[in-house]
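Examination of the molecular architecture
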Amino acid sequence: MSVSLGMPRLPGLTRETPPRPEGTAGLADRWGRTATDLRISLTDRCNLRCTYCMPAEGLPTRPASTLLQADEIATLARIAVEQLGVRQIRFTGGEPLLRKDLIDIIRSCAALDPRPEISLTTNAIGLSSRAADLAAAGLDRINVSLDTVHAATFLEVTRRPFLDRVLAGIEASAAAGLTPVKINAVLLRGVNDAEAADLLAWSLERGHQLRFIEQMPLDADHAWERTTMISAAEIRQRIGERFSLVPDIEPRDGAPAELFRVYPRGDTTGEHLGLVGIIASVSEPFCADCRRVRLTAEGGVRSCLFSHTETDLLAPLRSGASDGELARLWQDAMWAKPAGHGLDTDQFVQPARSMSAIGG
């Protein structure tokens, strides 16, 4: 069942959806794309209060009984992998480390055949004591949200003095083989934007792969403004003050990040120092090659991060729907996916739900 989240549809980018043709394989949409990358949110709770995501007082959270349980996640992951062609699963939040059954969830997904690549997006608080167990359960890789390596700036952005815990979690992840550790950073004008090259240098020295992400209109306060957002072009300019960037030779292959090889400023003749990625959802959208689908913590399919509707899988699952019925609901939801999110137009309408409630 598709449910509206109380926001209008985006003009010009959606239309009356024709029926999905019989025999359509996988999670295909009308525009020739097929989703193979599944993001599953495990909780809407978080132990940080990042200014671009949550208000200082936090947000109301849903009762645990209304969220996907470990066995339900295992069922939907199995359907996605065995019947719908999903090849990558990433667990998100909120903060997924707050799920006490995280190890069991990862272990169940690692047992699937064919085995998907399994990753986790986390703020890394508490990760230092769990990284080894997560790796042993079958986790392949970690993405850590980290916008700065300066304690004062970290406190300003997250409203919490936990930088030392995050850094310890990153170090433990690398030691456990959860590599490459990818660092996700959002630059905020007048807050941490002057530290972009510092963060890149820090990442390169440790062998991590930094991803700069344009600030997106998914904040709970709805305070995002296009005019103050730091664009991909500006990010490249700021990095270029200390480094030289050359587009990576490997194909992007549907990945959200455009990768660049990093060299010392003015010298691109020798060995590159590493890679940096830029995810430009706003200024340089990549919707035409999007291969992602999301499940919210309460079991709603979102065909696009910026959707205004969701298709509920949890209620049918708990009512005894068969694997085939759930798969068809999921396929129908993806068939209705719009051609693009419209962030690069003046017609865009921000979703009612914030990133912490949707899941990255």
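These numbers come from a predicted model, not from an experiment. (Residues numbered from 1 in each chain as written. Predicted model: local features only at pLDDT ≥ 70, side-chain atom pairs only at ≥ 80, totals over all residues. Heavy atoms only, no water.)

Considerations on the overall build of the protein
The cut-off we apply is this: Only DSSP runs of H or I reaching four residues or more are called helices, and only runs of E reaching two or more are called strands; each is numbered from the N terminus. By definition, residues are in contact when any of their heavy atoms lie within 4.5 Å. Accessible surface is estimated by sampling points in the Shrake-Rupley manner with a 1.4 Å probe; for residues, cover comes only from the protein chains shown.
Within the protein, the secondary structure is distributed over ten helices and 15 strands. Within the protein, contacts between residues at least 6 apart in sequence are counted, and of these 73% link residues at least 24 apart. Of the roughly 15200 Å² that the protein leaves accessible, carbon and sulfur atoms contribute 51%.

Thoughts on the packing of aromatic side chains
Stated precisely, the cut-off is as follows: Pairing of aromatic side chains here covers Phe, Tyr and the six-membered ring of Trp, requires ring centres within 6.5 Å, and sorts the geometry by plane angle: under 30 degrees stacked, over 60 edge-to-face, intermediate tilted. Throughout this description, the term charge over a ring refers to an Arg CZ or Lys NZ atom that lies within 6 Å of the ring centre and within 35 degrees of the ring normal.
This model, assessed by the stated rule, comprises zero aromatic pairs. Its end group placed over the ring of Phe162, Arg165 keeps NZ or CZ at 4.1 Å from the ring centre.

Regarding the confidence of the model for the protein
This is how the line gets drawn: Confidence of the predictor in every single residue is expressed as pLDDT, which spans 0 to 100.
This prediction gives the protein a mean pLDDT of 89; 88% of its residues lie at or above 70. Residue range residues 6-14 is modelled with pLDDT below 50. Its contacts to residues more than four positions away, or to other chains, number 23 contacts.

Observations regarding unusual backbone geometry
The omega torsion of the bond from Gly93 to Gly94 falls at 10 degrees, within 30 degrees of zero and hence cis. In this structure, Gly94 sits in the loop between strand S5 (88-92) and helix H2 (102-110). Put simply, Asp113 and Pro114 share a cis peptide bond, and its omega is 5 degrees. Position of Pro114 relative to the elements: it lies in the loop between H2 and strand S6 (117-122). At Ala124, a residue that is not glycine, the phi angle is positive and equals roughly 75 degrees. With respect to the helices and strands, Ala124 occurs in the loop between S6 and helix H3 (131-137). Within the chain, Arg159 stands out as a residue other than glycine whose phi angle is a positive 65 degrees. Structurally, Arg159 is set in the loop between helix H4 (151-158) and helix H5 (163-175).

Overview of the side chain of Thr148
For clarity, the threshold we go by: Whenever a nitrogen or oxygen atom comes within 3.5 Å of another N or O atom, the pair is scored as a polar contact, on the condition that within protein one atom can donate a hydrogen and the other can accept it, and that pairs from neighbouring residues in sequence are kept only if both atoms are in side chains.
Along the chain, Thr148 falls in the loop between strand S7 (141-145) and H4. A distance of 3.0 Å separates a polar side-chain atom of Thr148 from the backbone nitrogen of His150. A polar side-chain atom of Thr148 sits 2.5 Å from a polar atom in the side chain of Glu195.

Some words on the side chain of Asp29
Secondary-structure assignment places Asp29 in the loop between strand S2 (27-28) and strand S3 (34-35). A polar atom in the side chain of Asp29 sits 2.8 Å from the backbone nitrogen of Trp31. Those residues in contact with Asp29 that sit more than four places away from it in its chain are Met334, Trp335 and Lys337.

Some thoughts on the state of the cysteines
A covalent bond bridging the sulfur atoms of two cysteines is what the word disulfide describes. Rules: Throughout, disulfides are identified as pairs of cysteine sulfur atoms within 2.5 Å of each other. Exposure categories follow from relative accessible area, calculated using a 1.4 Å probe and restricted to protein chains: below 20% of the type maximum is buried, above 50% is exposed, and the middle band is partly exposed.
Going through the model one piece at a time under the given rule, you end up with zero disulfides. There is no disulfide at Cys53, and the cysteine sulfur nearest it, in Cys50, is 6.6 Å away. You can call Cys53 buried: its relative accessible area is 14%. No disulfide involves Cys287; its nearest neighbouring cysteine sulfur is the one of Cys304, lying 6.2 Å away. Judged by its relative accessible area of 16%, Cys287 falls in the buried class.

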